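Chains, contacts and geometry: an overview
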2 protein chains.
Amino acid sequence: MPTDQLSRTFAALADPTRRDLVARLTIGDATVGDLAAPYAMSLQAVSKHLGVLEKAGLVTRRKQAQRRPVHLEAEVLAPVTEWLETYRRRAEERYQRLDAVLAELSDTQAGSDTPATGGTR
Amino acid sequence: MPTDQLSRTFAALADPTRRDLVARLTIGDATVGDLAAPYAMSLQAVSKHLGVLEKAGLVTRRKQAQRRPVHLEAEVLAPVTEWLETYRRRAEERYQRLDAVLAELSDTQAGSDTPATGGTR
DNA sequence: TCCGTCCTCAACTAAGTGGTTGAGTAAGAC
DNA sequence: GTCTTACTCAACCACTTAGTTGAGGACGGA
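Residues numbered from 1 in each chain as written. Chains lettered and ligands numbered in written order. Predicted model: local features only at pLDDT ≥ 70, side-chain atom pairs only at ≥ 80, totals over all residues. Heavy atoms only, no water.

1. Notes on the overall build of chain A
Helix and strand counts for chain A stand at 5 helices and 2 strands. If you list the helices and strands of chain A from N to C, you get α-α-α-α-β-β-α. Taken over 121 residues, chain A has a buried fraction of 36%. Counting only contacts in chain A whose residues sit at least 6 apart along the sequence, the fraction spanning at least 24 positions is 48%. Carbon and sulfur atoms make up 54% of the accessible area of chain A, which totals about 7,300 Å². (Helix = DSSP H or I, 4+ residues; strand = E, 2+ residues; numbered from the N terminus. Buried < 20%, exposed > 50% of the residue type's maximum accessible area, 1.4 Å probe, protein only. Contact = heavy atoms within 4.5 Å. Areas by Shrake-Rupley, 256 points an atom, 1.4 Å probe, with all protein chains shown as cover.)

Printed below as a string of structure tokens:
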């Protein structure tokens, strides 16, 4: 896994179990045992998943006696959303420019019967 | 890598080279060779990266003589953004409820020394 | 027809992932 | 003290990933 922050966050969310953990943590903090209960995998496996989320900064673990309550740090989702929105928007703008060009082209064609001069494609 | 769509998309974006490819493709379609040029890795490696993006549905490849122009399918970013926004919002709502509880608690403390008679506000 | 360009496929390697089990640690309960 | 709970750490496994090199296919140009 590459070491940059955005990559770590994307990678952390590229697993259904970890996304489910994040989803459940929006309800409230929970201990490792509570979190692990619903899954058909060992507690250790879930602890590892939490480790991945922790390295990505998505989650922090407090100490409370033997418990280790897990807390969601939802702010770090923001840069990810931002990246996605930036490029989705950029792509959309490009389509709109393209549509405009096509519209102009078909106007030209409609206006005269001479075939388009600059026929690309 | 798990086989569900959302996981594939997150995983595809969890690599800086692939994110850069997506970013550059918002400018416009490009051939594999053009895309590979700036990177310090083989053409084959870039072709593999494009394969990953293609499996995630983020990209399609046309045939045009020997060229294989790559096209970005930006719509598939939407479900990812949606997932992120859903849970970011859910977490935020929880914080606001928590803040409200805390505010009420400190109001009660500040307002009188007799314990709260009823919910103020 | 042969040649060069553009690209994919196949095989391999090193490193990382997601799971397992077993052992160990820290802290409250008795 | 001893026991139990809640968890982490370490070693191991099968599998995937990101890169490499080498070979080859498809197509346009001379």
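The structure having been displayed, the exposition proceeds.
2. Points about the pattern of salt bridges
Taken as a whole and assessed by the stated rule, the structure comprises 12 salt bridges over all chains. Between A:Arg19 and B:Asp4 there is a salt bridge; the shortest N-O distance is 3.0 Å. One end of the pair, A:Arg19, is in helix α2 (residues 16–25); the other, B:Asp4, is in the segment before α1 (5–13), on a second chain. In this structure A:Arg19 comes out as buried when scored by relative accessible area, which is 7%. A salt bridge links B:Asp29 to B:Arg62; the shortest N-O distance between them is 3.8 Å. Note that B:Asp29 is positioned in the loop between α2 (16–25) and α3 (32–36) and B:Arg62 in the loop between β1 (59–61) and β2 (70–72), a separation of 33 residues in sequence. With relative accessibility at 32%, the residue B:Asp29 sits in the partly exposed group. Counted as one network, the salt bridges with shared partners bring together A:Asp29, A:Arg62 and B:Arg94. (Salt bridge = Lys/Arg side-chain N within 4 Å of Asp/Glu carboxyl O.)

3. Let's talk about helix α4 (residues 43–55) of chain A
Three- or four-residue spacings in an α-helix give side chains the same orientation, since the helix completes a turn every 3.6 residues. Residues and elements named next belong to chain A. End to end, α4 covers 18 Å across 13 residues, agreeing with the expected 18 Å (1.5 Å per residue, within 8%). Taken together, the buried positions of α4 are occupied by Val-46, His-49, Leu-50 and Leu-53. Here the buried residues of α4 occupy an arc of 100° about the axis, which is enough to place them on one side. Those residues of α4 that are exposed and angled more than 90 degrees off the buried face are Gln-44, Lys-48 and Lys-55. Where α4 is buried, its residues meet α1 (5–13), α2, α3 (32–36), β1 (59–61) and β2 (70–72). (Expected span 1.5 Å × (residues − 1). Arc of directions from axis to C-beta.)

4. Structural notes on the interface of chain B and chain A
Counting residues at the interface gives 34 residues for chain B, matched by 34 residues for chain A. The junction of chain B with chain A conceals about 2,800 Å² of combined surface from both sides, 68% of it contributed by carbon and sulfur atoms. Here chain B is connected to chain A by 4 salt bridges. Among the elements of the structure, α1, α2, β2 and α5 (77–111) of chain B are those that each provide at least two residues to the side of chain B that touches chain A. (Buried area = accessible area lost by both parts, 1.4 Å probe.)

5. Brief notes about the nonpolar core
Counting 58 residues, the largest nonpolar core has A:Phe10, A:Leu84, B:Phe10 and B:Leu84 as the members making the most contacts within it. Once you skip the residues sitting within four places of it in the chain, A:Phe10 turns out to touch A:Val80, A:Trp83, A:Leu84, B:Phe10, B:Leu13, B:Ala14 and B:Arg19. (Core = buried A, V, L, I, M, F, W, Y, C linked by side-chain atoms within 4.5 Å.)

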